[in-house]
Amino acid sequence: MVKKAIIYTRVSTGKQAEKELPLLSQEEQCRNKAESLGVEVVKVFSDKGVSGRTDARPEFQNAISYCEFFEVDYFITWSTSRFARNVLDARLHKQRLEKCGVKLEYVTVTIEDSDSGFLQEGILEIFDEYFSRQVSSDTRRSMAKNARDGYWNGGHVPFGFKLIVAPGNPKKKILAPEEQEA
């Protein structure tokens, strides 16, 4: 009987999702991993532009549920950070997979089924969450400075305003009154 696997891919930003290259390369490498394990890929799940800091990822939830309801032997993903960037979420969802007999496999690292493998995976998960928190902190700090300097951080342009290129900095935008709406 041929063993079966699902693949899960994810990118965190909309810009990455628009290019689709990271998703396609993740999927290709996951398929190579499946081939090396001698398993058949039965389904691919991809979250486009969704942070791994939350488990409110529709395709991730679908992938976990699929494993619970169908006979799947492997859940293959690029790395621990693609599975989750939250230690608690990672542990809870790995338990769900373990309960239905599904083995989690990563392309970028081999985790042994041992106490040292448990430690290695836990350390990687802590680093994944730390990195995500650090990027978030850096982004908030940069956006706050951007706003203090009078530049637009994005979102919907308020009624009565328009975006224009910032004087002296063509890479930035600022709000300006839209005379017809104002």
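Anything mentioned here points back to the structure above.
Note that the structure is predicted; figures quoted are calculated from it, not measured. (Residues numbered from 1 in each chain as written. Predicted model: local features only at pLDDT ≥ 70, side-chain atom pairs only at ≥ 80, totals over all residues. Heavy atoms only, no water.)

## Here we look at the packing of aromatic side chains
Phase 1 of the analysis: Within this structure, the stated rule accounts for 7 aromatic pairs.
Phase 2 of the analysis: With centroids separated by 5.4 Å and ring planes inclined at 70°, the aromatic side chains of Tyr8 and Phe60 adopt a geometry described as edge-to-face. Taken as a pair, Tyr8 in strand S1 (residues 4–11) and Phe60 in helix H3 (residues 58–69) lie far apart in primary sequence, 52 residues in all. Exposure class is identical for Tyr8 and Phe60. Each is buried.
Phase 3 of the analysis: Members of the aromatic cluster, each reached through a chain of ring pairs, are Tyr8, Phe60, Phe75 and Phe83.
Phase 4 of the analysis: Taking the ring centre of Phe60 as reference, the NZ or CZ of Arg57 above it sits at 4.0 Å. (Phe/Tyr/Trp six-rings, centres within 6.5 Å; stacked < 30°, edge-to-face > 60°. Helix = DSSP H or I, 4+ residues; strand = E, 2+ residues; numbered from the N terminus. Buried < 20%, exposed > 50% of the residue type's maximum accessible area, 1.4 Å probe, protein only. Lys NZ or Arg CZ within 6 Å of the ring centre and 35° of its normal.)

## Concerning the packing of H3 against helix H5 (residues 87–99)
Phase 1 of the analysis: Two elements in contact, H3 and H5, have axes separated by 8 Å at closest approach and are oriented at 25°. The orientation of H3 with respect to H5, classified from their angle, is roughly parallel. In this structure, the crossing between H3 and H5 has a hand that is left-handed. Each of Phe60, Gln61, Ile64, Ser65, Cys67 and Glu68 in H3 lies in contact with H5, whose residues at this interface are His93, Arg96 and Leu97.
Phase 2 of the analysis: The class makeup of the residues in the contact of H3 with H5 is 4 nonpolar, 3 polar and 2 charged. (Axes fitted to C-alpha atoms, helices over the stretch in contact; angles between N-to-C directions. Parallel < 35°, antiparallel > 145°, perpendicular 65-115°, else oblique. Left-handed = near helix turned anticlockwise from the far one by under 90°. Contact = heavy atoms within 4.5 Å. Nonpolar A, V, L, I, M, F, W, Y, C, P; charged D, E, K, R; others polar.)

## So, the side chain of Arg10
Phase 1 of the analysis: Within the secondary structure layout, Arg10 lies in strand S1.
Phase 2 of the analysis: Although Arg10 is buried, it forms no salt bridge, and the closest oppositely charged side chain is Asp47 at an N-O distance of 6.5 Å.
Phase 3 of the analysis: A distance of 3.1 Å separates a polar atom in the side chain of Arg10 from the backbone oxygen of Val50.
Phase 4 of the analysis: Looking at Arg10, its side chain comes within polar contact range of the main-chain oxygen of Ser81, at 2.6 Å.
Phase 5 of the analysis: Excluding residues within four positions of it along the chain, Arg10 makes contact with Leu23, Gln26, Asp47, Val50, Ser51, Gly52, Arg57, Ser81, Arg82 and Arg85. (Lys, Arg positive; Asp, Glu negative; His and termini not counted. Salt bridge = Lys/Arg side-chain N within 4 Å of Asp/Glu carboxyl O. Polar contact = N/O pair within 3.5 Å; in protein donor to acceptor, adjacent residues only side chain to side chain.)

## Overview of the sheet that holds S1
Phase 1 of the analysis: In space, the 4 strands of this open sheet follow the order S2-S1-S3-S4, with parallel pairing throughout. Sheet topology places strand S2 (40–48) and strand S4 (103–106) at the edges, where each strand pairs with a single neighbour. When the angles between neighbouring strand axes are averaged without regard to direction, this sheet yields 25°.
Phase 2 of the analysis: Docked against the sheet, H3 engages S1, S2 and strand S3 (74–77), running at close to 155° with respect to S2. (Pairing = 2+ DSSP bridges.)

## Section: the pairing of strand S6 (residues 169–177)
Phase 1 of the analysis: Where strand S5 (residues 161–166) meets S6, 6 bridges bridge the pair, whose relative direction is antiparallel. Paired with Ile164 across the bridge in S6 is Ile174.
Phase 2 of the analysis: Between S5 and S6, which pair antiparallel one after the other, the connecting turn spans 2 residues, and Gly168 there sits at a positive phi close to 85°.

## Remarks on the environment of Cys67
Phase 1 of the analysis: As for its position among the elements, Cys67 is in helix H3.
Phase 2 of the analysis: A relative accessible area of 1% means that Cys67 is categorised as buried.
Phase 3 of the analysis: On a C-alpha basis, the gap between Cys67 and Ala5 in space is 8.9 Å, while along the polypeptide they are 62 residues apart.
Phase 4 of the analysis: Among all residues touching Cys67, those that are not within four sequence positions of it are Ile6, Val72, Phe75, Leu97, Cys100 and Val102.

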